[in-house]
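Next come the chains, spelled out residue by residue.
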Amino acid sequence: MRRALKQLAGARQPAAADPEVLRELRMLRSRVPHLTGALAVGAGGALLAEDAPGARNGPLAALTATVLADALRLVETADRGRFRELLVRGESGYVAAYAAGPATFLAVLAEPRANVGRVHLEARRTGARIARLAAGADEGPQEG
Amino acid sequence: MANVETSLKEAMTAIEGSLGAALVDYTSGMALGTVGGGKDLDLNVAAAGNTDVVRAKVRTMEMLGLKDEIEDILITLGGQYHLIRLLRARGSNGLFLYLALDKARANLAMARHQLRRIEAELEI
């Protein structure tokens, strides 16, 4: 996973949006009020799918991958097992990231009044479903 | 005065028919403490879900132009009572106590009375 993340932080390539993943992101956004955006970020920092109108998604996906590489080292160094999630709170809202398989992540944007408890519950479930979808895709032909 | 954990334990032991109790921050939807619950009653799910209940009621009151505050909310299920009591003491704004009760064993009036007492003694 660590190597996968190093790759994540490095070269990134455009990818066609995965319709199944996109459906999960839309469902997540419709279920949680004040959740303004959701992105699935795959190997190489590539955007697998996005449902985040208005956000700068390209740089966001790449930056998420970079930050997560450090988060992963942090959790490893602190001996806290595998990375599960990361929550950053700014003055005008939240940015959260959830593990969604060995090299896939779910990034979420939310307004300050979002119900964080609910964001966690729903995003964890969506992350698990994206992980299953990504695992299914891995069985097909894949580079590297 | 009692701390969060003591208060929640008190709610579980002193109130007949208690199934689970939580102290919830409804600005974030996260629980500050939970006691009881289990696989049939995930208190973190209850905390997040009931945050939406409280927020919806607060918003409704605003829209109705009611200049009042919520003391408690009762939800009656087939087999359970769910009691939500908003904290009003200084420094505990934005919090509520959540209590799930077994309807067959609980005395609603007594449960409400006890929860009011526990709230009054709770120190955050």
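Above: the structure in question.
Cut-offs used in this document
- Residues numbered from 1 in each chain as written.
- Chains lettered and ligands numbered in written order.
- Predicted model: local features only at pLDDT ≥ 70, side-chain atom pairs only at ≥ 80, totals over all residues.
- Heavy atoms only, no water.
- Helix = DSSP H or I, 4+ residues; strand = E, 2+ residues; numbered from the N terminus.
- Rg over C-alpha atoms; globule rule 2.2 N^0.38 Å.
- Buried < 20%, exposed > 50% of the residue type's maximum accessible area, 1.4 Å probe, protein only.
- 1 Å grid on protein atoms, 1.4 Å probe; cavity = no way out; pocket = protein on both sides within 12 Å on 5 of 7 lines; lining within 4 Å.
- Points joined across faces, edges and corners; volume = space filled by probe spheres on them.
- Nonpolar A, V, L, I, M, F, W, Y, C, P; charged D, E, K, R; others polar.
- Contact = heavy atoms within 4.5 Å.
- Buried area = accessible area lost by both parts, 1.4 Å probe.
- Salt bridge = Lys/Arg side-chain N within 4 Å of Asp/Glu carboxyl O.
- Polar contact = N/O pair within 3.5 Å; in protein donor to acceptor, adjacent residues only side chain to side chain.
- Pairing = 2+ DSSP bridges.
- Axes fitted to C-alpha atoms, helices over the stretch in contact; angles between N-to-C directions.

(A) Highlighting the overall build of chain B. On a plain count of helices and strands, chain B comes out with 3 helices and 5 strands. Order of helices (α) and strands (β) in chain B, N terminus to C terminus: α-β-β-α-β-β-β-α. Against the 2.2 N^0.38 benchmark of 14 Å for 124 residues, chain B shows a C-alpha radius of gyration of 14 Å, consistent with a compact globule. For chain B, the spread of C-alpha atoms along the three principal axes comes to 40 × 35 × 25 Å. The burial tally for chain B puts 44% of its 124 residues in the buried class.

(B) Spotlight on empty space enclosed by the protein. Residues and elements named next belong to chain A. For the structure on display, the rule yields 2 cavities of 30 Å³ or more. In this structure, the largest cavity encloses a volume near 40 Å³. As for the largest cavity, its lining consists of Leu87, Tyr94, Ala96, Val108, Ala110, Val116 and Val119. Broken down by secondary-structure element, the contributors of at least two residues to the lining of the largest cavity are strand S4 (93-99), strand S5 (105-110) and helix H4 (116-138). Among the residues making up the lining of the largest cavity, the classes are represented as 7 nonpolar, no polar and no charged.

(C) Seen up close, unusual backbone geometry. A positive phi angle is found at His34(A), which is not glycine, with a value near 70°. Looking at the secondary structure, you find His34(A) in the loop between helix H2 (19-31) and strand S1 (35-41).

(D) View of the side chain of Thr104(A). All names here are of chain A. Checked against the element boundaries, threonine 104 lands in the loop between S4 and S5. Exposure remark for threonine 104: the relative accessible area of 8% places this residue in the buried category. Not counting residues within four places of it along the chain, the set of residues in contact with threonine 104 comprises Val41, Gly42, Leu48, Tyr98, Ala99, Ile130 and Ala134.

(E) Region of the structure containing the interface of chain B and chain A. Contacts between chain B and chain A engage 10 residues on the former and 10 residues on the latter. Both faces considered, chain B and chain A share a buried interface measuring about 680 Å² in area, 52% of it formed by carbon and sulfur atoms. Scanning the region where chain B abuts chain A turns up 1 salt bridge. Residue Asp52(B) is joined to Arg118(A) by a salt bridge in which the shortest nitrogen-to-oxygen separation is 2.3 Å. Our enumeration of links across chain B and chain A arrives at 6 residue pairs in polar contact (both at pLDDT 80 or more). With 6 residues, the top contributor of residues to the side of chain B that touches chain A is helix H2 (residues 43-64) of chain B.

(F) Molecular detail of the sheet that holds strand S5 (residues 95-102) of chain B. Residues and elements named next belong to chain B. With respect to topology, 5 strands assemble into an open sheet ordered S2-S1-S5-S4-S3, the strand pairing being antiparallel. Lying at the two open borders of the sheet, with one neighbouring strand each, are strand S2 (30-36) and strand S3 (72-76). The sheet shows a mean angle of 15° between the axes of neighbouring strands, direction not considered. For strand S1 (residues 18-25) and S2, the ladder comprises 6 bridges, and the chain directions are antiparallel.

(G) Structural view of the pairing of S5(B). All names here are of chain B. With 7 of 8 residues buried, S5 is to be regarded as a mostly interior element. With 7 bridges joining them, strand S4 (residues 80-86) and S5 adopt antiparallel strand pairing. If you follow histidine 82 over to S5, its bridge partner there is alanine 100.

(H) Highlighting the pattern of salt bridges. Residue and element names in this part refer to chain B. With the rule as written, the count across this model stands at 19 salt bridges over all chains. Between arginine 85 and glutamate 71 there is a salt bridge, with the nearest N and O atoms lying 3.2 Å from each other. Here arginine 85, found in strand S4, pairs with glutamate 71, found in the loop between H2 and S3; they are 14 residues apart in sequence, far enough to count as distant. Given a relative accessible area of 3%, arginine 85 falls into the buried group. If you follow the salt bridges from partner to partner, you end up with Glu71, Asp72, Arg85, Arg112, Arg116 and Glu119 in one network.

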